[in-house]
Amino acid sequence: MTAAALGHFLGQGFRIRLVESEEIGIVGVGEATIPQIRLFNQALGIDEDAFVRATQATFKLGIEFLDWLRPDSRYMHAFGNIGRDSGLLAFHHSWLRGRREGVAADLGAYSLNNQAALAGRMQRGPARTAQVLPDMPYAFHFDAGLYAAFLRRFAEGKGVERIEGKIGEVVRDGETGDVAALVLDGDRRVEGDVFIDCTGFRGLLIEGALKAGYEDWTHWLPCDRAMAVPSARAADLTPYTRATAHDAGWQWRIPLQHRTGNGIVYSSAHLSDDEAAARLLANLDTAPLAEPRPLRFTTGKRRELWKANVIAVGLASGFMEPLESTSIHMIQSAIERILKLLPGRCIRQADRDEYNRQADFEYARIRDFLILHYVANDREAPFWRERRATELPDTLRAKLELWRGSGHIVREHEELFTEVGWLQVLVGQGIMPEGNHPLADTPPRAQIAEYLDILAQLNMREVAQMPTHADFIVAHCAAPTAVAA
Ligand SMILES: Cc1cc2nc3c(=O)[nH]c(=O)nc-3n(C[C@H](O)[C@H](O)[C@H](O)COP(=O)(O)OP(=O)(O)OC[C@H]3O[C@@H](n4cnc5c(N)ncnc54)[C@H](O)[C@@H]3O)c2cc1C
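Residues numbered from 1 in each chain as written. Predicted model: local features only at pLDDT ≥ 70, side-chain atom pairs only at ≥ 80, totals over all residues. Heavy atoms only, no water.

## Remarks on the packing of helix H1 (residues 2-9) against helix H9 (residues 327-340)
For the pair H1 and H9, interaxial distance at closest approach is 10 Å and the crossing angle is 35°. Crossing hand, H1 versus H9: right-handed. Residues Thr2, Ala5, Leu6 and Phe9 of H1 touch H9, and the partners they reach there are Ile331, Ile335 and Leu339. (Axes fitted to C-alpha atoms, helices over the stretch in contact; angles between N-to-C directions. Helix = DSSP H or I, 4+ residues; strand = E, 2+ residues; numbered from the N terminus. Left-handed = near helix turned anticlockwise from the far one by under 90°. Contact = heavy atoms within 4.5 Å.)

Structure representation (structure tokens):
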């Protein structure tokens, strides 16, 4: 992604080289995204349907959380708006009032994405039945390996020089401490002014050479292992990711055109690898196509994501579990930051500080949102009891305080998750406020009831005329092998 974007946006005067090792390969997981990925593809001029075909992608309208509050509970974090605000009054205050009065349906009834997802439907573009409804935002599930190959071709077409080789040594300038060159396979030297470290969990430059240090967030998010396994294509091509909680973590299910991506995320202090593999395989809804592949990680981030002349992107910069499909998005936002703060030959500390400040903010707010999924639960296992007792970061505690009183949710600056994102997880996890905004108390009960009812009906009517997700793919962007299958 980084090479493709730099190749696309930086023209004359820049020479971009991409060093990769086929012997090492890529991590190869990372199949669920959020709607911002569309902006990335659009900015690069990539045709959406061609991309879907090339990556065996499906459409994603949100994430369904099963068993998170307690066994047999479910809710959805759907993309897009919920209901309609009335002037200054955010919709959820009217919903909170309606709920108190016994005239409101579940929150999901007011989300077009939620309704379409559960009905297995998909459409692009403006609503067909009522102009007041917004478009449905969507993201994709895709095969990460195919996306990497797709972008490699794209990058090479933009003049990026790809160098196959294994980095054995990182040479630093004795005076400045900057990275001066990479030595490949013992003799080839690749020199550069700025190095973007995309070496994955290894962090070969940012940590191996520059010792940037790592902030460990395991005390907040203790899952430290995953196992991934592909299984056969599901008959039911759900347009959403499913995240199912289990005693010591959770399991993902991501439907693609040619297969289903599955994985279990768990805390090694609470579950052995053998138990995790057995649980993963026992909970597949289609036949496994390979052995489970183990992955280990430490949740957290580099203390400095940009140090000297090295900027860490992707897994080299840090990692948070894929509960809200944020990692690929964070690559995208890192690329945007790099392009906006692109240094000349002379890098100033102010550039680095600003980059690191923005990246720290992004990391911390996503971290808080992930912790939110764990803090309130009625589950019995030790892993979940410990999550309830965890001391929260101040930023998250302040957000919860604000919500618990009158149901206020404030999105700060460029925070990734919107008010309605927070709303759905707060409500889904059973964290309810004592009251609502006083303005929502003004209309008579019958008026609130009618308002809520109309909004839910509009969504139902719109969803009823949408094609199924599977039919939509066949009509627009079926991958050749998927059609044959
Ligand atoms: C279990 C799990 C599930 C995930 N699920 C999601 C998800 O649903 N959604 C999401 O957005 N993200 C997800 N992610 C994150 C996502 O997989 C990564 O953000 C993404 O794949 C990018 O990885 P990367 O390029 O940083 O690292 P990698 O894919 O590991 O790539 C590292 C690159 O560096 C090269 N390299 C390394 N060492 C050397 C060397 N010595 N010499 C030469 N080259 C070298 C490798 O060849 C490779 O090309 C998940 C991650 C994990 C672990």
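Having seen the model, we can carry on.
## A closer look at the layout of surface pockets
Its volume calculated, the second largest pocket comes out at about 560 Å³. Surrounding the second largest pocket, 18 residues form its lining, Ser333, Glu336, Arg337, Glu362 and Glu414 being those nearest its centre. Going through the elements one at a time, helix H2 (36-43), H9 and helix H10 (349-375) are the ones with two or more residues in the lining of the second largest pocket. Tallying contributions element by element places H9 first for the lining of the second largest pocket, with six residues. Class assignment of the residues belonging to the lining of the second largest pocket gives a composition of four nonpolar, six polar and eight charged. (1 Å grid on protein atoms, 1.4 Å probe; cavity = no way out; pocket = protein on both sides within 12 Å on 5 of 7 lines; lining within 4 Å. Points joined across faces, edges and corners; volume = space filled by probe spheres on them. Nonpolar A, V, L, I, M, F, W, Y, C, P; charged D, E, K, R; others polar.)

## Here we look at the environment of aspartate 143
Tracing the chain through its elements places aspartate 143 in the loop between strand E5 (139-141) and helix H6 (144-157). On the accessibility criterion, aspartate 143 (12% relative accessible area) is buried. A C-alpha to C-alpha distance of 30 Å links aspartate 143 and asparagine 356, two positions 213 residues apart in sequence. Within the structure, aspartate 143 has its side chain in polar contact with the side chain of arginine 259 (distance 3.2 Å). (Buried < 20%, exposed > 50% of the residue type's maximum accessible area, 1.4 Å probe, protein only. Polar contact = N/O pair within 3.5 Å; in protein donor to acceptor, adjacent residues only side chain to side chain.)

## Quick notes on the environment of glycine 120
Inspection of the secondary structure puts glycine 120 in the loop between helix H5 (112-119) and E5. Residues glycine 120 and leucine 439, 319 residues apart in the sequence, show an inter-C-alpha distance of 36 Å. Once residues within four sequence positions are removed from consideration, glycine 120 is found in contact with Pro239, Thr468 and His469.

## As for unusual backbone geometry
Excluding glycine, residues mostly have negative phi values, and the peptide bonds linking residues are mostly trans. At aspartate 67, a residue that is not glycine, the phi angle is positive and equals roughly 65°. Along the chain, aspartate 67 falls in the loop between strand E3 (62-66) and strand E4 (74-78).

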